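For reference, the chains in residue letters:
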Amino acid sequence: MRIKAKDPKLVSLIGEFMKVYLPCVRSRDGDTIASYRFSINLYISYLEAAEGLTILTIRSCDFNQKNVVAFLSWLVSDRHNVATTVNHRLSDIRGFCRYLLKKKAITQDEYEEIREISDVNDDRIIDFTWLQVDEVACILKSVDDNRDAIRDHFLLSLLYESGARINEVLSLKLLDIKPASNGEADVHFYGKGNKHRITPLSKEIWNQYGSYCEKYHLRQNPDDLVFYSFRNGQRNKMSSDNISRILSDCESKVRKNRPELIHLHSHLFRRTRAMHLYQAGVPLPTISEWLGHSNIETTRFYAKVTEEMKREALHKLSESDKSVFKDDVAFRYADDEDVMRRLCGLK
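Residues numbered from 1 in each chain as written. Predicted model: local features only at pLDDT ≥ 70, side-chain atom pairs only at ≥ 80, totals over all residues. Heavy atoms only, no water.

With that settled, consider the overall build of the protein. Each helix and strand in the protein was counted, giving 16 helices and five strands. Counting all 347 residues of the protein, 48% fall into the buried class. For the protein, the proportion of contacts with a sequence separation of at least 24, taken over those separated by at least 6, is 63%. Counting every atom, the protein has about 18,300 Å² of accessible surface; 49% of that belongs to carbon and sulfur. (Helix = DSSP H or I, 4+ residues; strand = E, 2+ residues; numbered from the N terminus. Buried < 20%, exposed > 50% of the residue type's maximum accessible area, 1.4 Å probe, protein only. Contact = heavy atoms within 4.5 Å. Areas by Shrake-Rupley, 256 points an atom, 1.4 Å probe, with all protein chains shown as cover.)

Quick look at the environment of Ser39 now. Summarising the element assignment, Ser39 is placed in helix 2 (residues 30–51). C-alpha separation for the pair Ser39 and Ser91, spaced 52 residues apart in sequence, amounts to 9.2 Å. Here the side chain of Ser39 touches Asp92 through a polar contact of 2.7 Å, side chain to side chain. (Polar contact = N/O pair within 3.5 Å; in protein donor to acceptor, adjacent residues only side chain to side chain.)

Turning our attention to helix 10 (residues 240–255). With 16 residues, helix 10 extends 22 Å from end C-alpha to end C-alpha; this agrees with the ideal 22 Å at 1.5 Å per step. Buried within helix 10 we find Asn242, Ile243, Ile246, Leu247, Cys250, Glu251 and Val254. Where helix 10 is buried, its residues touch helix 6 (133–141), helix 7 (149–162), helix 8 (166–170), strand 4 (228–231) and helix 11 (266–279). (Expected span 1.5 Å × (residues − 1).)

Sheet strands pair by backbone hydrogen bonding; their relative direction is either parallel or antiparallel. The three strands lie next to each other as 1-2-3, forming an open sheet whose pairing is antiparallel. With one partner strand each, in any of the chains shown, strand 1 (177–179) and strand 3 (196–201) form the two edges of the open sheet. Looking at each pair of strands side by side, their axes are set apart by 25° on average, direction ignored. Across the face of the sheet, helix 7 comes into contact with strand 1, strand 2 (185–190) and strand 3 while running at roughly 115° to strand 3. Where helix 9 (residues 203–216) meets the sheet, it contacts strand 1, strand 2 and strand 3, and its direction lies at approximately 110° from that of strand 1. (Pairing = 2+ DSSP bridges. Axes fitted to C-alpha atoms, helices over the stretch in contact; angles between N-to-C directions.)

The next subject is the nonpolar core. Counting residues in each nonpolar core, the largest one holds 42 residues, and the members touching the most others are Phe154 and Phe227. Elements represented by at least two residues in this core include exactly helix 6, helix 7, helix 8, strand 2, helix 9, helix 10 and helix 11. In terms of residue count, helix 7 provides more of this core than any other element does, six residues in total. Those residues in contact with Phe154 that lie beyond four places of it in its chain are Ile177, Ile205, Gln208, Tyr209, Tyr212, Val226 and Phe227. Counting 35 residues, the second-largest nonpolar core is a separate cluster that includes Leu53, Val68, Trp74 and Phe96. (Core = buried A, V, L, I, M, F, W, Y, C linked by side-chain atoms within 4.5 Å.)

Position of Tyr43 relative to the elements: it lies in helix 2. Expressed as a C-alpha distance, the spacing of Tyr43 and Leu75, which sit 32 residues apart in the sequence, is 9.6 Å. The contact partners of Tyr43, leaving out residues within four places of it in the chain, are Asp62, Phe63, Asn64, Asn67, Val68, Phe71 and Ile93.

Helix 4 (residues 83–102) packs onto helix 1 (residues 8–25) with a crossing angle of 115° between their chain directions and a minimal axis gap of 11 Å. Regarding the angle of helix 1 to helix 4, the classification is roughly perpendicular. For the element pair helix 1 and helix 4, the recorded crossing hand is right-handed. When helix 1 is examined against helix 4, the residues Leu10, Leu13, Ile14, Glu16, Phe17 and Tyr21 are found in contact with a partner set consisting of Gly95, Phe96, Tyr99, Leu100 and Lys102. A breakdown of the residues in the contact of helix 1 with helix 4 according to their chemical character gives eight nonpolar, one polar and two charged. (Parallel < 35°, antiparallel > 145°, perpendicular 65-115°, else oblique. Left-handed = near helix turned anticlockwise from the far one by under 90°. Nonpolar A, V, L, I, M, F, W, Y, C, P; charged D, E, K, R; others polar.)

Here it is, written out as structure tokens:
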């Protein structure tokens, strides 16, 4: 006997959302789709534990304010998720409910009740860490005696100055880095949802890029990955594990003279870049564009870190020559509207 779903339309919509809407209509990447899949599965698991519902018995009306609020509490109490994770799950559920509204599976009032659910407050701001300018400089210097010093120095320099996600950097092709005026360069990133943004690079980074290509890209094939590793005699996309090993080696070296150095990981460079831009007085909307955030509220987190950071934002790093690279485009032109427009990809 064939078992029928209690709400076959909902089951169908979940399939359309995951297989058609996210990848084809919204052009979401694999990581984003995986996140939605996990969040929806987790929500159904919660309803199964709390109310005995399954994918066959759940209905569209079970996506309601009461259940979602209880789901968030369950994430905290039973799964011990931190605020950022809980809010991420809430965002995914909201996104799916927005799709249910589009398909008239829930009403506008039902969706508005879910949309008004507040994010969980993050009490971990006091633990928010980033690197100081001199620490970044020490880390970059620590790779000088590596076998692949030219590569490692350029990779970490680009990771810091671009403020990009690690996967965005590792997905770069040679054609994505292009010369600009005055010996500087632009790097083209394709981030979450395949969104395109352009980030300016300083003369220092452009010079490093030239030296790097002279050693690692003699053929200069535009479609070649900028960073690669060899497996079975073939060039492959470098994995994030390679970056972790490089940073682990840097951490060991720098800790000999700086035992207080925090643990190094690739995302720390993105966070550090954002904080340095904020300290330099660069406006939050520009930082949001720089990082490729889809919502400025994500960027606003940096402004909430401490009152001390707000005071330090009054003193631009460029005035005291405290940027990692002396010709750093962002710091030098923090108040230049024309350059700020270029940073945002508006010119």
